[in-house]
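Structural overview
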Amino acid sequence: MESFQTAYAHNPDRIVTPRTAGEVAAAVRHATERDLPIGVHATGHGLSVPLDSGVLIDTSHLDDLRIDPETRIARVGAGVRAGALLRAAAAHGLAPLTGSSPSVSVVGYLLGSGLGLLARRYGYAADRVRALELVTADGAQRRLVPGDALFGAVLGTVGNFGVVTAVELELLPVTAIYGGQLVFDAEHTEPVLDAWRAWAATTPDTVTSSAGLLTYPDLDQLPPLLRGRSAVILRFAVDGTEAEGERLVAPLRAVGTPVADDLRVMPYAESGSIHREPPEPHGYAATNALLSHFDAAAQRALLDATGPEVVVDIRQLGGALREPGESGAAIDFRAAEFLVRVITAADGRGRVPALDAVRAALAPVTVGHQLGFLYGAADAAGEAQTRAGFTPATYARLAALKAEYDPAARFRATRAIVPAH
Ligand SMILES: Cc1cc2nc3c(=O)[nH]c(=O)nc-3n(C[C@H](O)[C@H](O)[C@H](O)COP(=O)(O)OP(=O)(O)OC[C@H]3O[C@@H](n4cnc5c(N)ncnc54)[C@H](O)[C@@H]3O)c2cc1C
């Protein structure tokens, strides 16, 4: 079984690769009858807490994908990757609310909330889920729809309530966007971030943007201007015309001379190119913080706590993300204005000091975090970390549902909710 994550690995007694929901249910019953823990692996992008025994369900062969262009609903199996859904939807002039990476599984992405490239315009992708097919710890196959208590609990809790075998997801009539990157040398980091923060406070919801800090590896496949360079990168996705996009980004283009500028109108199916995330499997750990606001003091604290050993990704939130959708998804802190993600190379052992330092630096403006952006560093995992992903009221609701549907915490190879016994 191939995994995108190479520093952390599941270590189960048995791996099963089901082709149907019935086979998933049989595997879950097998584990439950023997009192074994159960893990789920689609691509390994978001590998969180490795399984140390028990049964690992590899969902990669649950790859059924169907689109109904009339209702604009896609039925997506648990093994389908975002890139495959992007291409299939584009054939009907439609778009899913995908995120920065085309290689994550659609279902894993939705279970972590689904913070997409057009998030400020259309909200969290999890709020566009219309039905879920779930195998719970008792081996039952359930079809859940908005309004069912378990439906919302599954979205945002990354595998705590069972194995999702398929989702039905709303698609949008988006065919093209204006987007891409502006790359500046790292010596301009402060003026670029200052300008971006001021700009972000005034932009319409049609634009969703992010800022990245990274040092490019010295690789032949990169353009010579980028190889080995430390950079600050602004990325944009605008649901609008080229003229609108050009007008919106003009003040940021004027901050300095970018070393790269690939802003353009692109088919939505190519939107996975905006972030240019590394396609090769590697070893990493990551944390994140949802910020009430990102002012000059928070920016200073973040820059002081980070260096070339980490990749920083600061996502602009707000807009439609503020609206609770009808899904009842377990997504809190919707008033947060920014999400800071920090990713660093990891060897799979112990805590990761670079991540602890960023969390401490941002603590004064942190309101919570998202479980879907916590990778590896399982030594930091525990109930306190899971709780911090939710308001106390939401966590209490989730813990009660966990006691009802997974009382033995069979699904604990994730940032685990503790059943409220
Ligand atoms: C490079 C990169 C870019 C990303 N960009 C974004 C982004 O823009 N927006 C965003 O919201 N997220 C983003 N993510 C986060 C990503 O969406 C999550 O990590 C997601 O959980 C990955 O899902 P996966 O199934 O591909 O990975 P896996 O590691 O296979 O699974 C991740 C977690 O989900 C659980 N899981 C997966 N499938 C199922 C299932 N069928 N049933 C039950 N549990 C399941 C697994 O048990 C595991 O805990 C990004 C991640 C990476 C590495």
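Just above, that's the structure.
Residues numbered from 1 in each chain as written. Predicted model: local features only at pLDDT ≥ 70, side-chain atom pairs only at ≥ 80, totals over all residues.

A short note on the overall build of the chain
Broken down by element type, the chain carries eleven helices and 17 strands. Against the compact-globule benchmark of 22 Å for 421 residues, the chain has a radius of gyration of 21 Å, which places it among compact chains. Principal-axis analysis of the C-alpha atoms places the extent of the chain at approximately 65 × 50 × 45 Å. Within the chain, the proportion of its 421 residues that are buried is 52%. Considering only intrachain contacts with a sequence separation of at least 6, the fraction spanning at least 24 residues in the chain is 75%. (Helix = DSSP H or I, 4+ residues; strand = E, 2+ residues; numbered from the N terminus. Rg over C-alpha atoms; globule rule 2.2 N^0.38 Å. Buried ≥ 20, exposed ≤ 12 C-beta atoms within 10 Å, placed from the backbone. Contact = placed C-beta atoms within 7 Å.)

Here's the deal with the site of the ligand
Taken together, 32 residues form the shell around the ligand, and within it Ala42, Gly46, Gly99, Gly108 and Gly159 come nearest. Listing elements by their share of the shell around the ligand, those giving two or more residues are strand E2 (38–41), helix H3 (106–111) and strand E8 (163–170). Looking at the shell around the ligand residue by residue, the class counts come to 13 nonpolar, 18 polar and one charged. (Near = placed C-beta within 6 Å. Nonpolar A, V, L, I, M, F, W, Y, C, P; charged D, E, K, R; others polar.)

Remarks on the sheet that holds strand E6 (residues 129–135)
Strand order in this open sheet of five strands is E4-E5-E8-E6-E7, and the pairing throughout is antiparallel. Either end of the sheet is taken by a strand with one partner, and the two such strands are strand E4 (65–68) and strand E7 (141–144). Ignoring strand direction, the axes of neighbouring strands in this sheet form an average angle of 10°. Sheet topology note: the E6/E8 ladder contains six bridges and is antiparallel. Of the residues in E8, the one forming a bridge with Leu132 is Val167. Contacts between helix H1 (residues 21–33) and the sheet are confined to E6, E7 and E8, with E6 contributing the most and set at about 45° to the helix. Relative to the sheet, helix H2 (residues 82–90) contacts E4 and strand E5 (73–77), its axis offset from that of E4 by approximately 30°. (Pairing = 2+ DSSP bridges. Axes fitted to C-alpha atoms, helices over the stretch in contact; angles between N-to-C directions.)

Overview of the pairing of strand E11 (residues 230–238)
With eight of its nine residues buried, E11 lies for the most part within the structure. Bridging between strand E9 (residues 176–185) and E11 involves eight bridges; their strand directions are antiparallel. By the bridge assignment for E11, Gly180 is matched with Phe236. Where strand E10 (residues 207–215) and E11 come together, nine bridges link them in antiparallel fashion. Looking at E11, one finds that Ser209 is bridged to Phe236.

So, the sheet that holds strand E1 (residues 14–16)
Taken together, the three strands give an open sheet; going across it, the order is E1-E3-E2, and neighbouring strands pair in parallel fashion. Each edge of the open sheet is held by one strand with a lone partner, namely E1 and E2. For this sheet, the mean angle separating the axes of adjacent strands, direction not counted, is 25°. Pairing geometry for E2 and strand E3 (residues 55–58), over four bridges, is parallel. Looking across to E3, one finds that Val40 is bridged to Ile57.

Observations concerning the environment of Asn160
One can find Asn160 in the loop between helix H5 (149–154) and E8. With sequence-adjacent residues up to four places away left out, Asn160 is seen in contact with Lys402, Phe411, Thr414, Ala416 and Ile417.

Details of helix H9 (residues 353–362)
An α-helical turn contains 3.6 residues, so a residue and the one three or four places further along point in the same direction. For H9, the complete set of buried residues consists of Ala354, Leu355, Val358, Ala361 and Leu362. An end-on view of H9 places all buried positions within 125° of arc, on one side of the element. The outward face of H9, more than 90 degrees from its buried face, is lined by the exposed residues Pro353 and Ala360. Where the residues of H9 are buried, they touch strand E14 (284–291), helix H8 (296–305), strand E15 (310–316), strand E16 (338–345) and strand E17 (366–368). (Arc of directions from axis to C-beta.)

Quick look at the packing of H8 against H9
Where H8 meets H9, the closest approach of the two axes is 9 Å, and the angle between their N-to-C directions is 165°. By the angle between their axes, H8 is roughly antiparallel relative to H9. Remark: the crossing between H8 and H9 carries right-handed chirality. Listed contacts from H9 to Ala298, Ala301, Leu302, Asp304 and Ala305 of H8 are Ala357, Val358, Ala361 and Leu362. Across the contact of H8 with H9, the residue classes break down as eight nonpolar, no polar and one charged. (Parallel < 35°, antiparallel > 145°, perpendicular 65-115°, else oblique. Left-handed = near helix turned anticlockwise from the far one by under 90°.)

What about the nonpolar core?
Residues Leu110, Leu291 and Val340 are the most contacted members of the largest nonpolar core, which totals 136 residues. With seven residues, E11 is the single largest residue contributor to this core. Discounting chain neighbours no more than four positions away, the residues touching Val340 are Asn288, Ala289, Leu291, Leu302, Val312, Ile314 and Leu362. (Core = buried A, V, L, I, M, F, W, Y, C linked by C-beta atoms within 7 Å.)

What to know about H1
Its 13 residues give H1 an end-to-end C-alpha distance of 18 Å, which sits within 8% of 18 Å, the value for a rise of 1.5 Å per residue. Taken together, the buried positions of H1 are occupied by Ala21, Val24, Ala25, Ala27, Val28 and Ala31. The buried residues of H1 occupy an angular sector of 160° when the element is viewed end-on, so they sit on one face. Opposite its buried face, H1 presents the exposed residues Gly22 and Glu33, each directed more than 90 degrees away. Looking at the residues trailing H1, positive phi occurs at Asp35, about 60°. (Expected span 1.5 Å × (residues − 1).)

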